[in-house]
Amino acid sequence: MTTRGSRSEKVKRIFQQFDSNRDGGLNREEMAALVVAVNPRVKFSDEQINAILDEVFKTYGEFIDGEKGLTYDGLLRTYDDGAGDVDRDFDALGLELKPDSGGDDVASSSSIADERAVAEPAKKQRTAAWAASPNHGIVFDDTWKVVDDLEILIKRLKAKQVKDGKMKGGDNSNNDVYSDPGWSRELGPSSEISDKRIVWEESGHDYAVFVKELGVLRTRADGARSREEAFDGHMAIGRVLYEHQLYKEALVSFKRACELQPTDVRPHFRAGNCSYVLGRHGEAKEEFVLALEAAEAGGNQWSYLLPQIHVNLGISLEGEGMVISSCEHYREAAILCPTHFRALKLLGSALFGVGEYKAAVKALEEAIYLKNDYADAHCDLASALHAMGDDENAIKEFQKAIDLKPGHVDALYNLGGLYMDMGRYQRASEMYTRVLAVWPNHWRAQLNKAVSLLGAGENEEAKKALKEALKMTNRVELHDAISHLKQLQKKRLKGNGGANGEEAFIIVEPSKFKTATERTTLRQELAIALDVRAFQRITRLSRCDVELLKKEMTENNAPVSYSGMGVPEKSIRKASLEVILRRLLNFLKPETFVGAVKAINQKILSVLDESESGRVDLGMFFAVLAPICGGTTERRKRVAFDALLWRPANEDSTQIQKVDAQRYIKLLRAIYIPSHGMSEILEIHGETDSAVVSFTEFVAMFDDPDWGFGVMSGLVKLESVDRNRHGNHVCSVCRYPVIGSRFKEMKSHFSLCSQCYSEGKVPPTFKLEEYKFKEYASEAEAMKDKCMWFGLHSKSSSPS
């Protein structure tokens, strides 16, 4: 692990390297040389250099010593604030630290006092950067004694755990594997979590003794002569524990410091960092909110720390899945500190996460402009470009990320997916093989490798890869994939351009698809219902009871505002809407919730927020959500009507304005039946019809098969049957097991799954003038039909 002094020592060596006139400051010329030297890949123009220097000299004015320039403390502060990476810059300059004579192998002494006497001469060299910092350092002499004693306790614990083989971690051989999730570097300043994560064994006797002795030091801090000195002691204890990755114990100290000085920014900020590392994202968020409030109330004293608080708060919100909310804080950090490349990268990644691809590309490009060797930013930029259809540039960006970090799992995996989308199956399988070399148990990479080998026509290799994936996880989709592969091998079809026969079909025009009974869903209706059902599944809204929407309306006091047309509405910011969605979907894990918000943002909010104001009419949002939530069809329609009643224009009434009802129905169709587009909505702008409609009239409008939301019945049907399996029946086109409804062609007796039926696909061996289908919701229905058919035929064939 990095020693207490190594970080400040590195900054000192960098400072000395560029302080060419040895006057104790870096003037503009010297500072420019440093910026260029630590960014060897970037070709800066004079304007860019001047802009960076202006920002540095303005932001760190308190550290500018006249014409001498930026002091050592100022340079240290820039690194503390995340404006640069000490380790990266130190390595880029080819510098080396002098060997540390301290080491961990100092003979253990019988008493802490003896060890302190031995360690005293080396105190200055061991002092971490934070201890000497004007705003974060140690203030009282007695605190130094506590810190020295604590260092000795930690050294003892470490020696015992290493000796007993209890300490885990410290292996840095695999540190290029994962994308930067935010906590490894952004949680500074000055106490970065080391790449070499250490896991302490907390259940043994040695650890219990350490905690007991630590309690004695805390009691000493509490017994200080003043509240300020006690605060200083607990903050210092927390910082030392944090540096040594003893996060649980560090959190206790920071919490005590919060009690001593509740309005001080520092303990809340540190407690937030600890909570985040421990996976307590909600607690981290609360601490960062308190830190932000204290910083904003404290004037300019904490202005330098504000960008970092916003970044860390954003990261904590992301940890809870609140990505839209996190965007606001990353954006604020980037405004406060325009050179904060990590804030821009995190903003871009978060925007990508909610489907705002153009804005994501802009933020990520800015991050890369400031730090060209930022592998994670290149990776996320590539993903955003791919989402926008710019695949050639996406490949280049993925490749840059991999060149910078050859074992970058996210870049390799996503590049594999991009090659799959382009039909370059061989290249895709190579990428997944590289992922598995770094992360052998990555079952999704193993499954995708099998699929890409299948696409490349290497069926035997695909079969082996599938079996390997099955060893890693027992998920049902793997069983379906193996079944699919067997079907393909049984019936080697010659397809329409597909290397492995998967596209062996012809597409029939809709008029040739007939239904055998009234209960058989029309092809066009099924296509729309399947699309809405897919959206339901991504968002999990079908698991959200519609009554919860009603509860939100009853308990939510949304402020009334006025739109550009002067119409009063209960509109809220998207970030506030995300909070409501989190309550409605509280059963989702954070990462699943992010996917749900992304789908809702792209499908619903993009239509409701026509003007891109960032605000949404809450009543209309609830009304649009109601039809796809859980509950009976009657309750869904009732809650949709109540949501329209809840809007200011209809409040305190039992009827809604007809123009509102019409706009609602057209919004529904624009969102869930996108082929109708926004043109229908534009037709009704500016209407002043004062007519009103009752709930009964509203339902008639809603159910109208041509102009309403007639797809509702098909959707409810899908909800009840789309997990049904039909024995050994496979779709005659895609060869996958039939799940959901089975559509049987009555003349040729082939079967289609819902998806192939909705797309009008039939096997090329069955070319008919028209096709007549009967829909079976379950295998029991089909068996009943079969028995009746046999019964009729046996009667007709029996002798009279």
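Our subject is the structure listed above.
All of these numbers come straight from a predicted model, not from anything done at the bench. (Residues numbered from 1 in each chain as written. Predicted model: local features only at pLDDT ≥ 70, side-chain atom pairs only at ≥ 80, totals over all residues. Heavy atoms only, no water.)

> Please clarify how empty space enclosed by the protein should be interpreted in this entry.
Leftover empty space is mapped by rolling, across the atoms, a probe with the size of a water molecule. The tally for this structure, following the rule as stated, stands at six cavities of 30 Å³ or more. What the largest cavity holds in volume is close to 380 Å³. In terms of lining, the largest cavity is formed by 23 residues, of which the most central are Val-35, Ile-52, Val-56, Ala-83 and Gly-84. Looking at the lining of the largest cavity, the elements with two or more residues in it are helix H2 (28-37), helix H3 (46-59), helix H4 (72-80) and helix H5 (86-92). For the lining of the largest cavity, the class distribution of residues is 14 nonpolar, five polar and four charged. (1 Å grid on protein atoms, 1.4 Å probe; cavity = no way out; pocket = protein on both sides within 12 Å on 5 of 7 lines; lining within 4 Å. Points joined across faces, edges and corners; volume = space filled by probe spheres on them. Helix = DSSP H or I, 4+ residues; strand = E, 2+ residues; numbered from the N terminus. Nonpolar A, V, L, I, M, F, W, Y, C, P; charged D, E, K, R; others polar.)

> Which parts of the structure should I look at to understand the packing of aromatic side chains?
The relative placement of two aromatic rings is captured by the distance of their centres and the angle of their planes. Per the stated rule, a full pass over the model turns up 24 aromatic pairs. With 5.7 Å between their ring centres and 70° between their planes, Tyr-413 and Tyr-432 make a pair best called edge-to-face. Residue Tyr-413 is found in helix H21 (residues 409-421), and its partner Tyr-432 is found in helix H22 (residues 425-438); the two are separated by 19 residues along the sequence. Judged by its relative accessible area of 1%, Tyr-432 is buried. Considering the side-chain rings of Phe-641 and Phe-698, the 5.3 Å spacing of their centres and the 50° angle between planes classify their relative orientation as tilted. Pair noted here: Phe-641 is in helix H31 (residues 633-646) and Phe-698 is in helix H34 (residues 695-703), with a separation of 57 residues, a long-range link. Here Phe-641 and Phe-698 have matching classes, each one buried. Feature note: the residues Phe-535, Phe-641, Tyr-664, Tyr-672, Phe-695, Phe-698, Phe-702 and Phe-709 constitute an aromatic cluster, connected by ring pairs. The cationic tip of Arg-28 hangs over the ring face of Phe-57; the distance from NZ or CZ to the ring centre is 5.8 Å. We note Lys-603 situated over the ring of Phe-535; from NZ or CZ to the ring centre the distance is 5.6 Å. (Phe/Tyr/Trp six-rings, centres within 6.5 Å; stacked < 30°, edge-to-face > 60°. Buried < 20%, exposed > 50% of the residue type's maximum accessible area, 1.4 Å probe, protein only. Lys NZ or Arg CZ within 6 Å of the ring centre and 35° of its normal.)

Coordinates in, geometry out; function isn't part of it.
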